[in-house]
Every structure is written in structure tokens, then in C-alpha cells.
Amino acid sequence: MSQAYIVQALRTASGRRKGALSGWHPADLGAQILDALVARSGIDPAAVDDVVFGCVSQVGEQSFHVGRNAVLASRLPDTVPAVTIDRQCGSSQQALHFAAQAVMSGTQDVVIAAGVESMTRVPMGSPTRLAVDAGLGGPWSQRIQDRYGVTGFSQFTGASLLATKYRLDRDALDAYALRSHQRAAAAANSGAFAQEILEVEGVDGIHRVDEGIRFDASLEAIGAVKPLEEGGVITAANASQMADGAAGLLVVSERALKTHRLTPLARVHHMTVLGGDPVIMLEAPVPATRQALRRAGLSLDDIDLYEVNEAFASVALAWQQALLADMDRLNVNGGAIALGHPLGASGAKLMATLVHALRARGKHYGLQAMCEGGGLANVTIVEAL
């Protein structure tokens with residue numbers, strides 16, 4: 001089978017909601033990533049066979065095919081096609097899967113996998129609100145509600161159920177949140193993100209540092225945040241931050257490596273996607289990781305670094321507990337609790353971090369797992385080169 005190689009991996013530094021990146025139209029922010037991937041690789045922009053683009057809230061400024069609009073806002077010729085996809089928080093990780101599969105099939109040689117989300121300009125939940133405000137039903141039909149015995153699905157409910165199932169108390173979640181900020185701060189201060197961050201103009205000048213990192217984070221401050229429900233353990237401080245951002249990966253075939261004289265950063269080794277219980281929802285990365293490792297013929301001990309999206313602290317801790325994973329290899333540069341979770345961009349964002357972290361440490365295999373709305377999970381294994 002043909003191989004798929006990542007030759008560029010970039011992201012913007014995340015902006016807080018209503019923060020540094022709030023002035024960007026999401027199509028224009030996505031275009032910045034597309035242009036930089038092509039420029040840094042040195043390839044002819046017309047050589048791009050396709051752009052696969054992740055975005056979750058596809059309404060307002062992210063409607064009418066934001067992937068194609070990002071191409072039109074970029075320096076790519078308008079002959080370059082695009083497709084916009086939604087696999088919830090894993091949208092741009094799925095974009096990588098589709099891009100790699102296209103290259104591995106031999107039908108395309110140069111594909112960009114990217115994503116964007118402006119949670120400032122298109123608030124989370126906007127697509128659902130449009131229907132409800134119009135007096136129409138929500139996304140879950142009566143048949144779905146009857147099947148699962150619920151009136152709807154909530155990631156907050158899933159995070160709480162995970163905490164209960166894995167006996168994760170408030171102290172454990174808060175301690176993990178502090179760890180995320182501390183690791184992210186250390187990475188930012190050491191320049192660990194320098195290779196992956198594309199500097200862009202922010203509302204107050206050049207934006208180059210993830211805006212959500214609390215460099216002075218303390219357990220006392222995190223512990224002072226009230227839970228989201230009475231007696232609960234999930235708080236805004238031990239959950240991911242809403243953020244604006246874009247990220248992308250340039251994926252090519254071996255033929256393209258030679259034709260365009262490109263140097264690969266990593267090889268896509270394995271891809272898995274799996275569905276699970278939509279009520280607890282966020283547990284799907286656990287069986288998806290087991291399936292990925294089994295199909296790849298690897299054990300978790302073979303994986304040098306893991307990126308597990310910190311939608312909530314309970315997600316990462318449940319994954320670690322279920323798989324007996326080494327905490328020292330998990331989200332070594334912090335995660336979404338500190339760095340933000342710009343929904344449609346997060347899959348490519350995490351992969352950019354993972355690839356560069358592997359290479360900086362001289363490590364080999366990396367695994368990325370993403371929990372997604374509806375009880376879905378994407379898992380990707382890459383080999384750093």
C-alpha cells in the first residue's frame with residue numbers, strides 16, 4: 001500500500017473567545033493556514049489536489065462551505081477544490097484521515113487537511129439554536145429520544161458520567177487541570193511551540209502565544225471555581241476553553257515527495273474511527289484506542305507520546321486509567337484545558353503539536369485520540385521521521 005506523509009504541520013496560537021483572534025473572519029483565518037502550508041513547503045499552489053476542511057458550527061460566517069471559502073480567500077488558484085466536513089470535535093482529525101486515505105489510494109498526491117472554528121463569531125450551539133428559535137425540533141428526533149431514554153445528548157453529562165464511572169473526584173480533576181496549565185506554560189516559555197505556530201495579526205498586535213494559558217495557575221484558584229451543577233465535579237476550570245483558531249497539515253504521497261523534493265515530518269501509520277454510547281459519549285476514545293493498537297499490531301508501550309483531547313479533565317483521566325497509560329507521555333505540552341479547543345480546528349491542531357513534540361524529543365510513534373459528539377472517536381497513529 002502507498003504511504004501518506006505529513007510534510008508541514010501548522011496551527012495558529014489559540015485565541016480566547018472574544019479575544020486576540022476575534023477580528024478574523026473564519027474563512028480568512030483558515031486561508032492563512034492554507035497559504036503558509038504551501039509557502040513553507042515550496043510547492044506550486046496549483047499542485048494541491050484537494051483541501052479537506054473541518055468545521056463544526058457551519059452557520060453564519062462558517063456557512064456556505066467554509067472550506068471552499070478558505071480556498072477562495074487564500075492564494076491558491078480557484079481550480080483547487082475543497083470539501084467541508086463535520087465529525088464534531090474530530091472534524092479536522094477526520095480531514096487528516098480522508099487526506100491520507102486519498103493519498104494512500106493513489107488517487108491524489110497532495111492534499112491539505114485543515115480546520116477552523118471561530119467560537120467568538122459563531123458561538124457553540126448556533127446550528128441547534130436556529131431550529132429551536134424557529135419553533136422547529138432539535139437534532140434528536142423522538143425516535144432517537146425513545147431509543148436512548150433521553151431528551152438530548154450533552155457532553156457535560158458525558159463528562160460527569162465519566163467522572164462517576166472512573167471514580168474521579170473534584171481534587172483529581174482540578175489537579176489534572178493545573179498540570180495542563182503548567183505543562184503548557186513550560187512549553188510556551190521554552191519555545192516548544194515555535195515550529196508549529198503560525199503568527200498572525202491579533203487585535204493587539206502579532207498573536208503568537210496561546211491566549212488561554214494561565215502562567216500563574218494555582219490549585220487554589222482552580223478549586224475556587226464553582227461546579228457547573230450543584231454537587232458536581234465538572235467546572236469551567238477543569239474543562240476545555242472555548243477558543244478561536246485554525247490548523248492544517250500538508251499530506252503527500254511518496255511520488256510527491258520526490259517530485260517536489262519535500263522532506264517528511266511524519267508518516268501516517270494507522271487510522272481508526274469508532275462509535276460508542278452517545279449518552280456517556282466521551283468514553284469512545286478508550287475502545288477506539290484499543291482497536292487502533294490491535295489493528296496496527298502495537299501495544300501502548302510502543303507509543304512514545306499520546307495526545308488525548310482535554311475536552312474535560314475526566315476524558316483524559318478516564319482514558320489514562322482504562323488503558324493504564326503512562327502519565328509522563330500524555331499531553332506533554334499541555335492540552336485544551338490550557339491551550340483551548342477551537343472545535344473544528346482541534347484535530348489538526350493536536351496533530352501539529354504531536355508531530356513536532358515527537359521530533360523535538362527524537363521519539364518514534366505518537367497516538368492521537370479525540371472524543372466527539374454523538375459518542376464517536378478518531379484515533380490516529382503517526383511515525384515521526
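Being a predicted model, the structure only gives us computed values, none of them experimental. Position numbers for residues start from 1 in each chain and track the written sequence from start to end. This being a predicted model, a pLDDT of at least 70 is required before a residue's local features are given, and a value of 80 or more before pairs of side-chain atoms are given or counted; all residues contribute to the totals for chains, interfaces and linings. Note that the side-chain values use all heavy atoms of the structure and ignore hydrogens as well as water.

Overview of the overall build of the protein
For the purposes of this entry, the term helix denotes a DSSP run of H or I that reaches at least four residues, the term strand denotes a run of E that reaches at least two, and both are numbered from the N terminus. When helices and strands are counted, the protein shows 13 helices and 13 strands. Here the protein has a C-alpha radius of gyration of 20 Å; the compact-globule value for 385 residues is 21 Å, and the two agree. Its C-alpha atoms give the protein principal-axis dimensions of roughly 60 × 50 × 45 Å. Looking at the protein as a whole, 58% of its 385 residues are labelled buried. Any two residues whose heavy atoms approach within 4.5 Å are treated as being in contact. Counting only contacts in the protein whose residues sit at least 6 apart along the sequence, the fraction spanning at least 24 positions is 81%. All accessible areas in this document rest on Shrake-Rupley with a 1.4 Å probe, and a residue is counted as covered only by the protein chains that are shown. About 15400 Å² of surface is accessible on the protein, with carbon and sulfur atoms providing 50% of the total. Between the averaged position of the 32 positive side-chain charges in the protein and that of its 38 negative side-chain charges there is a distance of 3 Å. This radius of gyration counts C-alpha atoms alone. The globule rule is 2.2 Å times how many residues there are, raised to the power 0.38. Burial classification: accessible surface area is computed with a 1.4 Å probe over protein chains only, and a residue below 20% of its type maximum counts as buried, one above 50% as exposed, and the rest as partly exposed. His residues and chain termini do not enter the charge count, which takes Lys and Arg as positive and Asp and Glu as negative. Just so you know, the charge point we use is NZ for Lys, CZ for Arg, CG for Asp and CD for Glu.

Remarks on the packing of aromatic side chains
Any two of the Phe, Tyr and Trp rings considered here, Trp counted by its six-membered ring, make a pair once their centres fall within 6.5 Å; the pair's planes then place it as stacked at under 30 degrees, edge-to-face at over 60, or tilted in between. Scanning all chains against the criterion turns up three aromatic pairs. For the pair Trp 140 and Phe 153, a centre-to-centre distance of 5.6 Å together with 85° between the ring planes defines the contact as edge-to-face. Taken together, the residues Trp 140 in the loop between helix 4 (126-133) and helix 5 (142-148) and Phe 153 in the loop between helix 5 and helix 6 (155-165) connect sequence positions 13 residues apart. Take Trp 140: its relative accessible area is 32%, and that puts it in the partly exposed class. Classification of Phe 153 as buried rests on a relative accessible area of 15%.

Quick look at the pattern of salt bridges
A pair is scored as a salt bridge if a Lys or Arg side-chain nitrogen falls within 4 Å of a carboxyl oxygen belonging to Asp or Glu. According to the stated counting rule, one finds 12 salt bridges in the structure shown. Ionic pairing is found between Glu 61 and Arg 121, a salt bridge with its closest N-O pair at 2.5 Å. Of this pair, Glu 61 sits in the loop between strand 3 (50-54) and helix 2 (66-73) while Arg 121 sits in the loop between strand 5 (110-118) and helix 4; the two residues are 60 residues apart in sequence, bridging distant segments of the chain. Given the relative accessible area of 28%, Glu 61 is considered partly exposed. Given the relative accessible area of 32%, Arg 121 is considered partly exposed. Ionic contacts of the salt-bridge type, sharing partners, join the residues Arg 11, Glu 196 and Asp 210 into one network.

So, the pairing of strand 5
For strand 5, the buried fraction is high: nine of the nine residues fall into the buried class. Going residue by residue along strand 5, you find Val 110, Ile 112, Ala 114, Val 116 and Ser 118 tucked away on one face and Val 111, Ala 113, Gly 115 and Glu 117 tucked away on the opposite face as well. If DSSP finds at least two bridges between two strands, the strands pair. With five bridges joining them, strand 3 and strand 5 adopt parallel strand pairing. Bridge pairing in strand 5 links Val 52 to Ala 113. Relative to strand 9 (residues 243-252), strand 5 runs antiparallel, the two being bridged by nine bridges. Bridged to Ser 118 within strand 9 is Asp 244.

Describing the pairing of strand 10 (residues 266-275)
Two strands pair when backbone bridges link them, and strand 1 (residues 5-12) and strand 10 are joined in this way by two bridges, in the antiparallel orientation. Counterpart to Ile 6 in the pairing with strand 10 is Ala 266. Bridge count between strand 10 and strand 13 (residues 376-384): nine bridges; the pairing is antiparallel. For Ala 266, the partnering residue across the bridge sits in strand 13 and is Ala 384.

Quick notes on the nonpolar core
To qualify as a nonpolar core, a set must consist of buried Ala, Val, Leu, Ile, Met, Phe, Trp, Tyr and Cys residues joined through side-chain atoms within 4.5 Å. By size, the foremost hydrophobic cluster in this structure holds 46 residues, and its most contacted members are Ile 303 and Trp 319. Secondary structure elements with two or more residues in this core: helix 6, helix 7 (170-190), helix 10 (285-296), strand 11 (305-308), helix 11 (313-323), strand 12 (365-372) and strand 13. Counting 35 residues, the second largest nonpolar core, distinct from the first, contains Ile 33, Phe 53, Ala 70 and Leu 198.

What about the packing of helix 10 against helix 11?
Lines are fitted to the C-alpha atoms to define the axes, a helix being fitted only along its stretch in contact, and any angle between axes, read from their N-to-C directions, falls within 0 to 180 degrees. For the pair helix 10 and helix 11, the least separation of the axes is 9 Å and the interaxial angle reads 45°. By the angle between their axes, helix 10 is oblique relative to helix 11. In this structure, helix 10 meets helix 11 at a crossing whose hand is right-handed. Residues Pro 285, Val 286, Thr 289 and Arg 290 of helix 10 form the contact with helix 11, whose own contacting residues are Ala 318, Trp 319, Ala 322 and Leu 323. Roughly parallel covers angles under 35 degrees, roughly antiparallel covers those over 145, roughly perpendicular covers 65 to 115, and oblique covers all other angles. Each crossing gets its handedness from the near helix: less than a right angle anticlockwise from the far helix is left-handed, clockwise is right-handed.

A closer look at helix 11
With nine of 11 residues buried, helix 11 is to be regarded as a mostly interior element. Of the residues making up helix 11, those classed as buried are Ala 313, Ser 314, Val 315, Ala 316, Leu 317, Ala 318, Trp 319, Gln 320 and Leu 323. Looking at the buried positions of helix 11, the neighbouring elements they touch are helix 6, helix 7, helix 10, strand 11, helix 12 (336-339) and strand 12. Leu 324 sits one or two positions beyond helix 11 and adopts a positive phi of about 55°.

Some words on the environment of Ala 266
Among the secondary structure elements, Ala 266 is positioned in strand 10. Taking C-alpha positions, Ala 266 is 8.8 Å from Ala 4, a pair spaced 262 residues apart along the chain. Those residues in contact with Ala 266 that lie beyond four places of it in its chain are Ala 4, Tyr 5, Ile 6, Val 355, Glu 383, Ala 384 and Leu 385.

A short note on the packing of helix 6 against helix 11
Between helix 6 and helix 11, the shortest axis-to-axis distance is 9 Å and the interhelical angle comes to 40°. As summarised for this structure, helix 6 and helix 11 are arranged oblique, according to the angle between their axes. The element helix 6 and its partner helix 11 pack so that their crossing is left-handed. Across the interface between the two elements, Ala 159, Leu 162 and Ala 163 from helix 6 touch Ser 314, Val 315 and Ala 318 from helix 11.

Details of the environment of Lys 226
With respect to the element layout, Lys 226 can be found in the loop between helix 8 (219-223) and strand 9. When the C-alpha atoms of Lys 226 and Phe 98 are compared, they prove to be 41 Å apart, with 128 residues separating the residues in sequence.

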